[in-house]
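# Examining the three-dimensional arrangement
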Amino acid sequence: MKKLLLMFLTAIFVIFTINAANSASAADIPVSAIYSGGPSYLVSSTQNDLKASGFNTLIQWSLHIDTNGNLKMNDETVCTGGAYTGQSAWSNQWLSYKSGTTSINRLEISVGAGGTTDFASIKALCSKGIPGSDTNLYKNMLALKSATGADAINLDTEDTYDSVSTINFCKMCLNMGYSYITLCPYTNTTYWKAVKSGLDSFKPGAVDRIYLQCYDGGAGNNPGTWATNLGMSVIPGLWCTNTGKPSYGKTPAQVQSQLASWNNSYGIAGGFIWLYDDIRNNGLSTASYASAIQNAFGPATPTPTPIPGNYALNKTATANQYVTGETPQKAVDGTVTGNSKWCSTSNIGTQWLIVDLGSACTIKRWIVKHAGEGGETTGFNTRDFKLQKSTDGNSWTDVDAVTGNTANITDRTVTAFTARYVRLYITNPQTSTSNIAARIYEFELY
Ligand SMILES: [Ca+2]
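Quick summary incoming for the structure in this document. Residue positions are given per chain, counting from 1 as you read along its sequence in written order. In keeping with the predicted nature of the model, local features appear solely for residues at pLDDT of at least 70, side-chain atom pairs appear and are counted solely at 80 or more, and the whole-chain, interface and lining totals rest on all residues. No hydrogens and no water enter the side-chain calculation; it runs on all heavy atoms of the structure.

## A few points about the packing of aromatic side chains
Pairing of aromatic rings covers Phe, Tyr and Trp, the last counted by its six-membered ring, and requires centre-to-centre distances within 6.5 Å; plane angles under 30 degrees mean stacked, over 60 mean edge-to-face, and any other angle means tilted. Summed over all chains, the structure comprises 15 aromatic pairs. Taken together through their ring pairs, the aromatic side chains of Tyr35, Trp61, Tyr211, Tyr215, Trp239, Phe272 and Trp274 make up a single cluster. The positively charged end of lysine 145 is found above the aromatic ring belonging to tyrosine 178, 5.4 Å away from the centroid. Lysine NZ or arginine CZ positioned within 6 Å of the ring centre and within 35 degrees of the ring normal marks a charge as sitting over the ring.

## Quick notes on the pairing of strand S20 (residues 442–445)
Looking along a regular strand, one sees side chains alternate from face to face of the sheet. Categorising residues by exposure relies on relative accessible area from a 1.4 Å probe, with only protein chains included: less than 20% of the type maximum marks a residue as buried, more than 50% marks it as exposed, and the intermediate range marks it as partly exposed. Secondary structure is summarised from DSSP: a helix means a run of H or I of at least four residues, a strand means a run of E of at least two, and numbering begins at the N terminus for each. With burial as the criterion, each face of S20 is covered, one bearing Glu442 and Glu444 and the other bearing Phe443 and Leu445. Two strands pair under a simple rule: DSSP has to find at least two bridges between them. With four bridges joining them, strand S15 (residues 351–369) and S20 adopt antiparallel strand pairing. By the bridge assignment, lysine 369 is partnered in S20 with glutamate 442.

## So, the coordination of the calcium ion
Here a donor is any nitrogen, oxygen or sulfur atom (N, O, S) within 2.8 Å of the metal, with 3.2 Å used for Na, K and Ca; water is not among the atoms considered, so some sites may look incomplete. Donor atoms from the polypeptide that bind the calcium ion are Lys330 (O), Asp333 (OD), Thr335 (O), Ser340 (O), Ser340 (OG), Tyr441 (O) and Glu442 (OE), placed at 2.2 to 2.6 Å. In primary sequence terms, the donor set of the calcium ion follows K-x2-D-x1-T-x4-S-x100-Y-E. Residue class for tyrosine 441 comes out buried when judged on its relative accessible area of 1%. Judged by its relative accessible area of 1%, glutamate 442 falls in the buried class.

## Focus: the packing of helix H4 (residues 88–96) against helix H6 (residues 136–148)
Every axis in this analysis is a line fitted to C-alpha atoms, fitted for helices over the stretch in contact. Angles between the N-to-C directions lie between 0 and 180 degrees. Across the interface, H4 lies against H6 with an axial gap of 7 Å and an inter-helix angle of 65 degrees. Contacts between H4 and H6 involve Trp90, Ser91, Trp94 and Leu95 from the former and Leu144, Ser146, Ala147 and Thr148 from the latter. When the residues that make up the contact of H4 with H6 are grouped by side-chain class, the tally is five nonpolar, three polar and no charged. Two residues form a contact once any of their heavy atoms are found within 4.5 Å. Under the scheme applied here, ten amino acids are nonpolar (Ala, Val, Leu, Ile, Met, Phe, Trp, Tyr, Cys and Pro), four are charged (Asp, Glu, Lys and Arg), and all others, including Gly, are polar.

## A look at the side chain of glutamate 442
Tracing the backbone shows glutamate 442 in strand S20. For glutamate 442, the side chain forms a polar contact with the main-chain nitrogen of aspartate 333, separated by 3.2 Å. In protein, a polar contact requires one atom able to donate a hydrogen and another able to accept it; more generally it is a pair of N or O atoms within 3.5 Å, and residues adjacent in sequence count only if both atoms are side-chain atoms. At 2.3 Å, the side chain of glutamate 442 forms a polar contact with the backbone nitrogen of glycine 334. When sequence neighbours within four positions are dropped, the list of residues in contact with glutamate 442 reads Leu313, Lys330, Ala331, Val332, Asp333, Gly334, Thr335, Val336, Ile367, Val368 and Lys369.

## As for the packing of helix H7 (residues 163–175) against helix H8 (residues 189–202)
Between H7 and H8, the shortest axis-to-axis distance is 9 Å and the interhelical angle comes to 35 degrees. Like other packed secondary-structure pairs, H7 and H8 cross with a definite hand, here right-handed. Between H7 and H8, the contacting residues are Ser163, Thr166, Ile167, Cys170, Lys171, Leu174 and Asn175 on the first element and Tyr191, Ala194, Val195, Gly198, Leu199 and Phe202 on the second. Note: crossing handedness is left-handed where the near helix turns anticlockwise from the far helix by less than a right angle, and right-handed where it turns clockwise.

## Things to note about the pairing of strand S10 (residues 235–240)
Summarising burial for S10: six of the six residues are buried, a large majority. Strand direction decides the pairing type here: S10 and strand S12 (residues 270–274), joined by three bridges, are parallel. Bridged to glycine 237 within S12 is phenylalanine 272.

Rendered as structure tokens:
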């Protein structure tokens, strides 16, 4: 009996921890990334292997920057004088990585490495401010963007930990069109916190991934500690079987086991593998490592098919209050991206959202997409709320109620009812202990 109780409490604790830390579940499709050096730059035959691998993110390592702002990919100059001068094959490959049959949906270019002077160059070029569009560094990074279509710049800072110049460099990259900045720490929490903080205030959401090195110099890293320190779930990385430092080498089975354990303990957002070069050199299976990451989060689930006939879509929505720009209509516009939410001005008391369906509709399912689904912290998810119906928009009857919610999505079926007006009636918007306004990304009725 005691054992059963303990198991029950442990299960509750695990569920709570995962929700609180915004971890990936199989349904979310976790980040599965792979770093690659020479092979994906110089060997044209690697593209088919990587596109069929199951990895969803390819990180090209490593971009080097000299004090004149010229760029090299490993040993070869790729951008100088504002022009791309690297291998045409690499440019062509990268521009087509996300096309056709492929598992890759994101490309990143990693700057720096241990024992290099790249961040010393960045300090020399960026410490006085954000380099302007007339600088060689700006022109070359823009040429690289055009040649590769890279989505993100990844920071592998391992020397010259100067946050001011790093932030200016990243702001320049964001200004010219790179969508994201990602971090790849192994040590020096203070530096990484400063970089993240500086970029969070410049462009919220721009730092969207933290790839934590948990091998070699970062072998002792705890994903939970780093997530707490940096304020978001991390993506831990492990080294595949290798001959360079074999003691850090992990088989696919070991990768799966370690990531599953971390996900249960801390909630992680995915995993990454260091390093594709070793997979190639040792004749390993790229797909086996991608599967190991996916399997750590449970078997893959198919993407849910959109349900036709959301009665609320683009109907007239009103609310008791809303923040400028975050209007009630954004809760019924069919999207959860781009901050498309209704947000109340007050963070206490009752808040409500009414949808006028135009005519009476028969409804048997309702869905609410909360803050976490829109990319905000799950602590902002709506806690206690009701579904109400009305035939006149004035007199309301409860249909269903949810209390103590922490999930990103509420999806409930109810006994079919008919109404023209439907109200989301929020009695407590806060999941976290701090005061949080109601944030509804989408309210759907079927
Ligand atoms: Ca929306």
